[in-house]
Amino acid sequence: MAIYCIGDIQGCDSALQRLLDQAGFSPSRDHVYLLGDLVNRGPESAAVLRRCMAADGAISAILGNHDLHLLARHYKARKKNKRDTLGQVLKAPDAQAMLHWLRHQPLARWVEGLDAPLLLVHAGVLPQWTARQALALAAEVEAVLRDEPRCIDFMHSMYGNSPDVWDDALQGADRLRAIVNALTRLRFCTLREGRMDFSSSESAAHAPEGCVPWFDVPWRASADTMIAFGHWSTLGLQDRDNVLALDTGCVWGGCLSAMRFGGASLAQRELLQVRCEAAQTPG
């Protein structure tokens, strides 16, 4: 049995098929975890969702910002972005089934079957949070998404950059928005306060003044746990003792990347990659 974590697919189902073929993935034996942004910008978003739904539990996903954007488009809470390629999902005859499946995916996962903890998120974990706290806070949002009337209400209040610092006393839409922003959008935060900064999507070498990548905050409460994430293509591959970044820009003409864990050991890992044809041009 092998466990795989795969970075942002963004509608590039053909690349996903080639990566699974290269890995020798067997649904009856192995398990794949997708790190969010299953859809959008690439040409085959509906195919990615259908593949996941048909995998009979062998493929698990978490939600990324583009997956939430698809839900927001469906519920008329967000207008079409010029880079969107979501029409093939929204207009599909099985759109309702795909969107229902998407609403029931988590924002964070705890991987079972390894000899050490592995937390999966799409973007990041606020430095104030432990890994277990991140899971618990993700569950608060998941409960809202799975209740369609509450989901619709939240979609209309989900967007915005505030509050930008965590406070356990946050309530209502502000609390849910802060959780979503951290788990699906975070790249940089301030070194001292852990305040989220969304002004840049550049590489770690181009951090806004006073900011560092969220995983480099020295007082980060989740530093004792390996965290795998995607979202940040300009960051590139990162493979550290407690950080695994796997968005390597598939949709931009980079690679689709997977990390294979063999022998139920977090330490025994192997990088697998396939080159991808660019579906869009950065900038």
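Residues numbered from 1 in each chain as written. Predicted model: local features only at pLDDT ≥ 70, side-chain atom pairs only at ≥ 80, totals over all residues. Heavy atoms only, no water.

Visitor: What is the right way to look at the sheet that holds strand β2 (residues 31-34) in this model?
Guide: Pairing is mixed in the open sheet, where five strands are placed in the order β3-β2-β1-β12-β13. The strands lining the two open edges of the sheet, one partner per strand, are β3 (59-61) and β13 (269-275). Across the sheet, the mean angle separating the axes of adjacent strands is 20° when strand polarity is ignored. As paired elements, strand β1 (residues 2-6) and strand β12 (residues 255-262) share five bridges and run antiparallel to each other. Along β12, the bridge assignment pairs I3 with F261. (Pairing = 2+ DSSP bridges. Helix = DSSP H or I, 4+ residues; strand = E, 2+ residues; numbered from the N terminus. Axes fitted to C-alpha atoms, helices over the stretch in contact; angles between N-to-C directions.)

Visitor: What should I look at first to understand the packing of aromatic side chains in this one?
Guide: Aromatic ring pairs: the centre-centre distance and the angle between the two ring planes describe each pair. By the definition in use, this model includes seven aromatic pairs. Judged by centre distance (4.9 Å) and plane angle (75°), the ring pair of F188 and W232 falls under edge-to-face. Of the two residues, F188 sits in strand β6 (residues 188-190) while W232 sits in the loop between β9 (226-229) and β10 (238-239), which places them 44 residues apart along the sequence. With respect to class, F188 is no different from W232; both count as buried. Measuring from centroid to centroid gives 5.8 Å for F215 and F229, while their planes differ by 35°, and the two rings are tilted. One end of the pair, F215, is in the loop between β8 (211-213) and β9; the other, F229, is in strand β9, with 14 residues separating them in the sequence. Of the two residues, F215 and F229, both sit in the buried class. Grouping aromatic residues by their ring pairs yields a cluster made of F188, W214, F215, F229 and W232. Across the ring face of Y159, the terminal group of R78 is positioned such that the distance to the ring centre comes to 3.9 Å. If you follow R185 out to its NZ or CZ, it ends over the ring of F198, 4.0 Å from the centre. (Phe/Tyr/Trp six-rings, centres within 6.5 Å; stacked < 30°, edge-to-face > 60°. Buried < 20%, exposed > 50% of the residue type's maximum accessible area, 1.4 Å probe, protein only. Lys NZ or Arg CZ within 6 Å of the ring centre and 35° of its normal.)

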